[in-house]
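Commentary on secondary and tertiary structure
Listed below, chain by chain, are the residues.
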Amino acid sequence: MDQFVSPKKIYHGEGSLTKLEDILKDLKATKIFIITDPMLKSLGVIDPVLEILERQNALVELGENVVPEPPVKIGNQVVNEVRKIQPDLVIGIGGGSALDLAKAAAVLAGNDGRVEDYLNLSSTKKLLNKGLPKVLIPSTAGTGAEVTDIAVFSLENTKDVITHEYLLADYAIVDPTLTYTLPPKVTAASGIDALTHAIEAYTSVNASPLTESLALDAMKRIVENIRTAVWNGNDKHAREQMALGSLIAGLSFYNAGVAGVHALAYPLGGLFKLSHGESNAILLSYVYDQVWMACIDKMKNVAKAFSLPINEKSDREIAQQVVRSLQDLIKDVGLPTTLRAYNIQSKDIENLTKNGVKQKRLLNRSPKTLDENSIKQIYTNAYEGVLQNS
Ligand SMILES: [Fe+2]
């Protein structure tokens, strides 16, 4: 038996932002707290949202404490702001960090305690109340955070999450118009994150027929459009397909889970402050270079979704081709594929491995067991830029 969970309502497509008016009326919300990245505000990205709220005469408070890969301390600051203001709706607009903070703050506003009391690795409390209603509006095509119940926080050396069904959005709005002005590097990093969600969900040991079909659909949309979206950001079709691909990948990975790539990416963010998307981009090909033999049948379908030639090739050759094509794709969108490129030294591999091993929640979903030795091998290969088995 499988189950599938998603937010109550998802609006998507060009112009879907206007649905915010209906949401405000449905919820009878008049006092709104917006959690967003200050950079987005200064670039005018959130202006369309502010205009809608103004038309509805809503009282708006802006929380601009958002920083990339937010540490627990920032989480607590945002929670305190929301508790103090007591809005009747929280809106998160931005990349994964803004959306995660909005989820955590809306829920914790209705519960006691601090962020660290509810983290997966160190929790001492259980969430008892759903907290405030929340609308999540992504401004990147990548994280899928608008449809998951996970909020990620940075710790000293790694990351940890609060995860609970209460963190799910009441409404998600995925409007590609918000992504039109994203610079190439952000488009690339968030797009590779979305692709990683789709591939890891597809090969997850918890995959179901529903999550598998969504994952394959997402891969196809992303692989066909990411290069254009990165290098020709004005191409509306590519932007729309990336937004949709990211949303679909989000729905898939929320239910099937991500695995080894995300597990080993977390210490790169924690120890070296690499962005989530860049961390995944480095590791994606090296992790699949180690695990394809455990999901060789599925790799054939991945190859089809990628439109790779598979005629007269053995299953083995097809899987190896997928791994190499992942690395080519990441290079095509201008992202580095080695740890060296970020000045990470070979002596750091031990610490990365020590922290990577801790991510059992994610590692348990890998199609092939990733023990300490294989994790160390993956980081070593990622340092040297070597695909061992492909
Ligand atoms: Fe991710």
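See the structure shown above.
Residues numbered from 1 in each chain as written. Predicted model: local features only at pLDDT ≥ 70, side-chain atom pairs only at ≥ 80, totals over all residues. Heavy atoms only, no water.

1. Side note on the coordination of the iron ion
Listed as protein donors to the iron ion are Asp193 (OD), His197 (NE2), His262 (NE2) and His276 (NE2); their distances from the metal cover 2.1 to 2.2 Å. Around the iron ion sit four donor atoms, and with donor-metal-donor angles ranging over 84 to 167 degrees the site reads as irregular. Mapping the donors of the iron ion onto the primary sequence gives the spacing D-x3-H-x64-H-x13-H. Of the two residues, aspartate 193 is situated in helix 6 (residues 184-203) and histidine 276 in helix 10 (residues 276-291); the sequence distance between them amounts to 83 residues. Across the pair, histidine 276 and aspartate 193 agree in class, each one buried. (Donors = N, O, S within 2.8 Å, 3.2 Å for Na, K, Ca; no water. Tetrahedral: all angles 85-135°; square planar, octahedral: opposite > 155°, others 65-115°. Helix = DSSP H or I, 4+ residues; strand = E, 2+ residues; numbered from the N terminus. Buried < 20%, exposed > 50% of the residue type's maximum accessible area, 1.4 Å probe, protein only.)

2. Here we look at the sheet that holds strand 2 (residues 31-36)
Read from one edge to the other, the open sheet built from six strands follows the order 1-8-5-4-2-3, with strand pairing classed as parallel. Looking at the sheet topology across the chains shown, the edges are occupied by strand 1 (9-12) and strand 3 (59-63). Neighbour to neighbour, the strand axes of the sheet diverge by 20 degrees on average, direction disregarded. Pairing of strand 4 (residues 89-94) with strand 5 (residues 134-138) involves five bridges; the strand directions are parallel. Directly across from valine 90, in strand 5, lies its bridge partner lysine 134. Contacts from helix 3 (residues 47-55) reach strand 2, strand 3, strand 4 and strand 5, with the element oriented near 175 degrees to strand 2. Of the strands in this sheet, strand 2, strand 3 and strand 4 touch helix 4 (residues 72-85), which is tilted by about 170 degrees from strand 2. (Pairing = 2+ DSSP bridges. Axes fitted to C-alpha atoms, helices over the stretch in contact; angles between N-to-C directions. Contact = heavy atoms within 4.5 Å.)

3. Observations regarding the packing of aromatic side chains
Within the structure shown, the criterion is met by zero aromatic pairs. Note that lysine 298 overlies the ring of tyrosine 202, its terminal NZ or CZ placed 5.0 Å from the centroid. When the ring centre of tyrosine 383 is taken as origin, the NZ or CZ atom of arginine 340, which lies over that ring, is 4.6 Å away. (Phe/Tyr/Trp six-rings, centres within 6.5 Å; stacked < 30°, edge-to-face > 60°. Lys NZ or Arg CZ within 6 Å of the ring centre and 35° of its normal.)

4. Quick word on the pattern of salt bridges
A complete count under the given rule lists 13 salt bridges for this structure. Salt-bridge contacts for aspartate 332 lead to arginine 227; the nearest nitrogen and oxygen are separated by 2.8 Å. With aspartate 332 in helix 12 (residues 315-332) and arginine 227 in helix 7 (residues 209-231), this pair connects stretches of sequence that are 105 residues apart. Classification of aspartate 332 as partly exposed rests on a relative accessible area of 37%. Classification of arginine 227 as partly exposed rests on a relative accessible area of 33%. (Salt bridge = Lys/Arg side-chain N within 4 Å of Asp/Glu carboxyl O.)

5. Comments concerning the side chain of threonine 211
Examined against the element boundaries, threonine 211 turns out to sit in helix 7. Relative accessible area serves as the criterion here: at 1%, threonine 211 is assigned to the buried category. Once residues within four sequence positions are removed from consideration, threonine 211 is found in contact with Phe4, Ser252, Asn255 and Ala256.

6. Digging into helix 3
Looking only at helix 3, the buried set comprises Val49, Ile52 and Leu53. Looking down the long axis of helix 3, one finds its buried residues gathered within 95 degrees of arc, a one-sided arrangement. The exposed set on the far side of helix 3, more than 90 degrees from its buried face, consists of Glu54 and Arg55. Considering only its buried residues, helix 3 is in contact with helix 1 (20-27), strand 2, strand 3, strand 4 and strand 5. Note on helix 3: the residue one or two positions beyond its end, asparagine 57, has a positive phi of about 55 degrees. (Arc of directions from axis to C-beta.)

7. Quick look at the nonpolar core
Counting 78 residues, the largest nonpolar core has Leu195, Met219, Leu264, Leu283, Tyr288, Phe306 and Leu339 as the members making the most contacts within it. In contact with leucine 283, other than residues within four places in its own chain, are Val261, Leu264, Ala265, Leu268, Ile378, Tyr379 and Ala382. Among the nonpolar cores identified, the runner-up in size contains 31 residues, and Val72, Val79, Val90 and Val115 belong to it. (Core = buried A, V, L, I, M, F, W, Y, C linked by side-chain atoms within 4.5 Å.)

Honestly, that's just the spatial picture; any functional story needs more than this.
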